[in-house]
Amino acid sequence: MTGRFAPSPTGRMHLGNIFTALLAWLSVRSQGGRMLLRIEDLDPQRSRAAYAEQLRRDLGWLGLDWDGEMPPQSTRSPVYAAHFAKLEEQGLIYPCYCSRSELHDASAPHASDGTVLYSGACRDLTPEQRAAKTRRPAWRVRVPDIAVSFRDGVCGPQTERLAETCGDFIVRRSDGVYAYQLAVVCDDALGSVTEVVRGCDLLGSTARQLWLFSVFGYPAPQYYHVPLLVAPDGRRLSKRERDLDMEALRARCTPEQLVGRLAQLAGLQPGPEPVRAADLVSRFSWERIPRGEIVIPANFSDGFRVFP
Ligand code: GLU
């Protein structure tokens, strides 16, 4: 089997990213599989090479290794273009001239993750109507009105009708950058990735990706969406939350202390005692991972000591 870490180099990892990376690594190592690293630097505005370098160092500090690195997404445009062309050949692509505010006015936001249901405003424009537009278009893929079902290894059985949740979605942005949904499918398929472990915030992207796998005729991976870690007051962690990012954590604790506390949150040990990631491999099982959000206890970093 092959798994992957797919971090975006848009900042220092925070506790949630670290938790996901740890579980992805433990799952692969407990199955004797191959681990790949892929830097998801699709967005040129937000990605920095220095963050990618720091990610590699932080993973190493945690004791999480990988067997190969896939080329970063910023170098893969020709691959994404070839897949975009396959969708075009099937008549599935059309230009969308809607502005951000038109998109937001026209549709109700989707409940769980903020995905907006596309109204279909540009779906059936005539060639004359298209020619009259001045805005640079984004490119959408037409989704059929079918249900996509899969069994997530953590969240259980899922079913989604794309036509009802997101509608036709963007596969290439108006600035020419290929969208995450397309890139991730190309990369996972061509990297022969069989297992995708990532944060629960991406559960809602999975049906779109599975549908693209089927359109391209690629076998789909097994998905595990890891519970989100939330602050004691229920807030979601983000990269802006500096007190639980890698920089702050590395200044205050050893990798074993950090991994020990995450292992407790993951149900892999009863207490927070320090442990090396490698020593958790034989204890790892997806059965033990809690379902639903995990609240970080207020005393999470009590007793961390400055690492000499
Ligand atoms: N690059 C995404 C992130 O850092 C993860 C995408 C994925 O695992 O499919 O959140």
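A quick note: this is a predicted structure, and the numbers were derived from the prediction, not measured. (Residues numbered from 1 in each chain as written. Predicted model: local features only at pLDDT ≥ 70, side-chain atom pairs only at ≥ 80, totals over all residues. Heavy atoms only, no water.)

Looking now at the environment of isoleucine 294. Along the polypeptide, isoleucine 294 turns up in strand β12 (residues 294-295). We classify isoleucine 294 as buried; its relative accessible area is 7%. (Helix = DSSP H or I, 4+ residues; strand = E, 2+ residues; numbered from the N terminus. Buried < 20%, exposed > 50% of the residue type's maximum accessible area, 1.4 Å probe, protein only.)

The next point concerns the environment of proline 127. Structurally, proline 127 is set in helix α5 (residues 127-131). As for proline 127 and cysteine 96, which are separated by 31 residues in sequence, their C-alpha atoms are 13 Å apart.

Between helix α3 (residues 77-89) and helix α7 (residues 180-190), the least distance of the axes is 10 Å, while the angle of their chain directions is 105°. Accordingly, the angle class assigned to the pair α3 and α7 is roughly perpendicular. Side by side, α3 and α7 meet where Val79, Tyr80, His83, Phe84 and Leu87 of the first sit next to Leu182, Ala183, Cys186, Asp187 and Leu190 of the second. Residues belonging to the contact of α3 with α7 are distributed by class as follows: eight nonpolar, one polar and one charged. (Axes fitted to C-alpha atoms, helices over the stretch in contact; angles between N-to-C directions. Parallel < 35°, antiparallel > 145°, perpendicular 65-115°, else oblique. Contact = heavy atoms within 4.5 Å. Nonpolar A, V, L, I, M, F, W, Y, C, P; charged D, E, K, R; others polar.)

With that settled, the discussion passes to the sheet that holds strand β8 (residues 169-172). The antiparallel open sheet is built from three strands, whose spatial order is β4-β5-β8. The open sheet has two free edges, formed respectively by β4 (93-96) and β8, since each of these has just one partner strand. The sheet shows a mean angle of 50° between the axes of neighbouring strands, taken without regard to direction. Of the strand pairs in this sheet, strand β5 (residues 138-141) and β8 are connected by three bridges, and their pairing is antiparallel. (Pairing = 2+ DSSP bridges.)

One pass over the structure, following the stated rule, counts 22 salt bridges. Note that arginine 12 is salt-bridged to glutamate 247, the shortest N-O span being 3.9 Å. Taken together, the positions of arginine 12 in the loop between β1 (2-5) and α1 (15-30) and glutamate 247 in helix α9 (residues 246-252) put the pair 235 residues apart, joining distant regions of the chain. Arginine 12 sits in the buried class, given a relative accessible area of 17%. A residue is classified by how much of its surface remains accessible, and glutamate 247, at 46% relative accessible area, is partly exposed. Each member of the salt-bridge network shares a partner with another, and the members are Arg4, Arg38, Glu40, Arg76, Asp187 and Asp188. (Salt bridge = Lys/Arg side-chain N within 4 Å of Asp/Glu carboxyl O.)

With that settled, consider the packing of aromatic side chains. What describes a pair of aromatic rings is the distance from one ring centre to the other and the angle between the planes of the rings. Taken as a whole and assessed by the stated rule, the structure comprises ten aromatic pairs. Note on tyrosine 80 and tyrosine 178: the rings are 6.1 Å apart at their centroids and 65° apart in plane angle, and the pair reads as edge-to-face. Here tyrosine 80 is found in helix α3, whereas its partner tyrosine 178 is found in the loop between β8 and α7, with 98 residues between them in sequence. Residues tyrosine 80 and tyrosine 178 agree in their burial class; the two are buried. Where phenylalanine 216 meets tyrosine 218, the ring centres are 6.1 Å apart and the plane angle is 50°; that geometry is what we call tilted. (Phe/Tyr/Trp six-rings, centres within 6.5 Å; stacked < 30°, edge-to-face > 60°.)

Let us look at the site of the ligand. Near the ligand, the surroundings consist of Arg4, Ala6, Pro7, Ser8, Glu40, Tyr180, Val184, Arg198 and Leu202. Take serine 8: an N or O atom from its side chain is 2.9 Å from a nitrogen atom of the ligand. Contacts to the ligand include glutamate 40, whose side-chain N or O atom sits 2.6 Å from a nitrogen atom. Here the ligand, which alone exposes 300 Å², has 79% of that area covered by the protein. (Near = heavy atom within 4 Å. Polar contact = N/O pair within 3.5 Å; in protein donor to acceptor, adjacent residues only side chain to side chain. Areas by Shrake-Rupley, 256 points an atom, 1.4 Å probe, with all protein chains shown as cover.)

Quick look at the pairing of β4 now. Where burial is concerned, the two faces of β4 agree: the one with Ile93 and Pro95 and the one with Tyr94 and Cys96 are both buried. In this structure, β4 lies alongside β5, joined through four bridges in antiparallel fashion. Of the residues in β5, the one forming a bridge with cysteine 96 is alanine 138.

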